[in-house]
Amino acid sequence: MKVLALNSSPRGEGQSKTEIMLSHLVQGMTDAGAEVEIINLRDKKINTCSGCFQCWTKTPGVCIHKDDMSGELFDKYRQADLVVFATPLYHYAVNAALKAFIERTLPMNEPYFVTLPSGRTTHPERYPHPKAVVLSVAGFHDEEAFGPLSAWAKYLFGKRLVAEIYRPGAEAMAASLGGSRAQRILAATVEAGREIVTNGRISEATMQQIHEQSVKDLGIWTTVANLVWKTCIAEGVTMKKFVERGMVPRPDSIESFMLIMGMAFNRDAARDTRAVIQFLFSGEVEGACHFDIDNGTIIPSAGRADRPTLTIETPFAVWMDIVTGKADGQNLFMSQKYKVDGDMELLMRFDRLFGR
């Protein structure tokens, strides 16, 4: 089987969730013996269709444009047994790069009108179209987001559509590639590639694994994701720069502060630690919270603690500057920007206790 895998994601350098899913699907296809060629459309020049119909009249089967589509990709498309159309979900459909490619396959058909037994009107094929697989990813966690794309794919490809692979929550999956959930999803994607080549379809069990929820608690993920976007906006950086710099999302409430601290907690560094750390906040956010640490576990709670081991009294903005690395905690302490009461040795261990 000759497979042409079209990656329409504009992102490279490991940022593309479309590319992650596609590479695993292709791995399964090659494992099953298929000959697969991956084309990154971002590296190709594909003009949009002019709607001139010259490919139907003056030069039948040949497009007027002289670009990578007419010079290279159209022939690869014709010669393929199966084409994988891989796209990020942009505005609930394929992105512009893939849409341009698909529209430029118009010379595959002839201009005449024919009516199918179903009553649908179409154009007869000049050359037989290859079978199709549609793969798409979205940041949204609900599969309903793929509804318009799925309806379009079914109508466009009809019986040629071998499989649809839609991965919701792709941002969450990519953020935890080393985790067991992400690994199960990607392993199932590899298996899907094998099944497409060997069986011509994807089993229901494999599809269920591909659609496994990528996060344990969607509410927590949503809160953290929104904090990340707020931080990017406030600091004037892109998401790519946020990741490259190892930035920390800036909490904007006591609740989100407890969440970020809990996520940053280093269980291994706290194996032999029993303590209660209390924060008393003032300024833009007022209130109290505390963290009960017990031999590698942490329990955050709102309000004051009965017997804190360490109490940190600080303006909320000051401590958030420390949390996000915008300010040095030791220097701010020496300049009396915040107060500490209790176990100072515990304070000195913060970088290990809340750092991974």
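Higher on the page you've got the structure.
What counts, and where the lines are drawn
Residues numbered from 1 in each chain as written. Predicted model: local features only at pLDDT ≥ 70, side-chain atom pairs only at ≥ 80, totals over all residues. Heavy atoms only, no water. Helix = DSSP H or I, 4+ residues; strand = E, 2+ residues; numbered from the N terminus. Buried < 20%, exposed > 50% of the residue type's maximum accessible area, 1.4 Å probe, protein only. 1 Å grid on protein atoms, 1.4 Å probe; cavity = no way out; pocket = protein on both sides within 12 Å on 5 of 7 lines; lining within 4 Å. Points joined across faces, edges and corners; volume = space filled by probe spheres on them. Pairing = 2+ DSSP bridges. Axes fitted to C-alpha atoms, helices over the stretch in contact; angles between N-to-C directions. Contact = heavy atoms within 4.5 Å. Core = buried A, V, L, I, M, F, W, Y, C linked by side-chain atoms within 4.5 Å. Salt bridge = Lys/Arg side-chain N within 4 Å of Asp/Glu carboxyl O.

Enquirer: Just to check I follow, could you spell out unusual backbone geometry for this structure?
Expert: Phi angles above zero are rare outside glycine, and F53 is one such case at about 65 degrees. The topology assignment puts F53 in the loop between β2 (35-40) and α2 (68-79). Non-glycine residue N295 carries a positive phi angle of around 50 degrees. With respect to the secondary-structure elements, N295 resides in the loop between β9 (287-294) and β10 (297-302). By relative accessible area, N295 is classed as partly exposed at 38%.

Enquirer: Looking at this structure, how should I read the layout of surface pockets?
Expert: Over the atoms, a rolled probe matching the size of one water molecule traces out where space is still vacant. By volume, the second largest pocket is sized at about 770 Å³. Lining the second largest pocket are 23 residues, and of these N109, R120, T122, L156 and R160 sit closest to its centre. Among the secondary structure elements, those contributing two or more residues to the lining of the second largest pocket are α3 (96-103), β5 (121-122) and α4 (147-157). Per-element accounting of the lining of the second largest pocket gives the leading share, 4 residues, to α4.

Enquirer: Can you walk me through the sheet that holds strand β11 (residues 310-315) in this structure?
Expert: Spatial strand order, β10-β9-β8-β11-β12: 5 strands in an open sheet with mixed pairing. Here the strands that pair on one side only, and so sit at the sheet edges, are β10 and β12 (339-342). Shown here is a sheet whose adjacent strand axes are inclined to one another by a mean of 15 degrees, direction ignored. When strand β8 (residues 274-282) meets β9, the two strands line up antiparallel, connected through 8 bridges. By the bridge assignment for β9, L280 is matched with A288. Strands β8, β9 and β10 of the sheet are contacted by helix α10 (residues 254-264), whose axis makes an angle of about 20 degrees with β9. Along the sheet, helix α11 (residues 316-323) makes contact with β8 and β11, crossing β11 at roughly 110 degrees.

Enquirer: Looking at this model, I keep getting lost on the sheet that holds strand β1 (residues 2-7). Mind explaining?
Expert: Pairing in this open sheet of 5 strands is parallel, and the strands run β2-β1-β3-β6-β7 from one edge to the other. Two strands close off the open sheet at either side, each with one partner strand: β2 and β7 (161-167). The mean inter-strand angle of the sheet, taken between neighbouring strand axes irrespective of direction, is 15 degrees. The pairing of strand β3 (residues 82-88) with strand β6 (residues 131-137) spans 7 bridges and is parallel.

Enquirer: I'm lost on the pairing of β10 in this one. Help?
Expert: When a strand is regular, its side chains alternate between the sheet's two faces. Bridge count for β9 against β10 is 6 bridges, and the pairing is antiparallel. Residue pairing across strands places H290 opposite S301, the latter belonging to β10. Here β9 folds back onto β10, and the loop between the two strands holds 2 residues, one of which, N295, carries a positive phi near 50 degrees.

Enquirer: Before we go on, may I ask you to explain the nonpolar core in this structure?
Expert: Grouped burial of nonpolar side chains is what soluble globular proteins tend to show. With 30 residues, the main nonpolar core has F257, F279, F281, W319, F350 and F354 as its most contacted residues. Elements supplying a minimum of two residues to this core: α10, β8, β9, β11, α11, α13 (344-348) and α14 (350-353).

Enquirer: What is the right way to look at the pattern of salt bridges in this model?
Expert: For side chains bearing opposite charge, pairing can occur when the charged atoms are close. Counting across every chain of the model gives 16 salt bridges. One salt bridge connects K326 with E235, and the closest N-O pair in it is separated by 3.2 Å. Separated by 91 residues along the polypeptide, K326 in the loop between α11 and α12 (329-334) and E235 in helix α8 (residues 218-235) bring together distant segments of the chain. For E235, a relative accessible area of 34% translates into the label partly exposed. Here the residues in one salt-bridge network are D31, E191 and R194, joined through shared partners.

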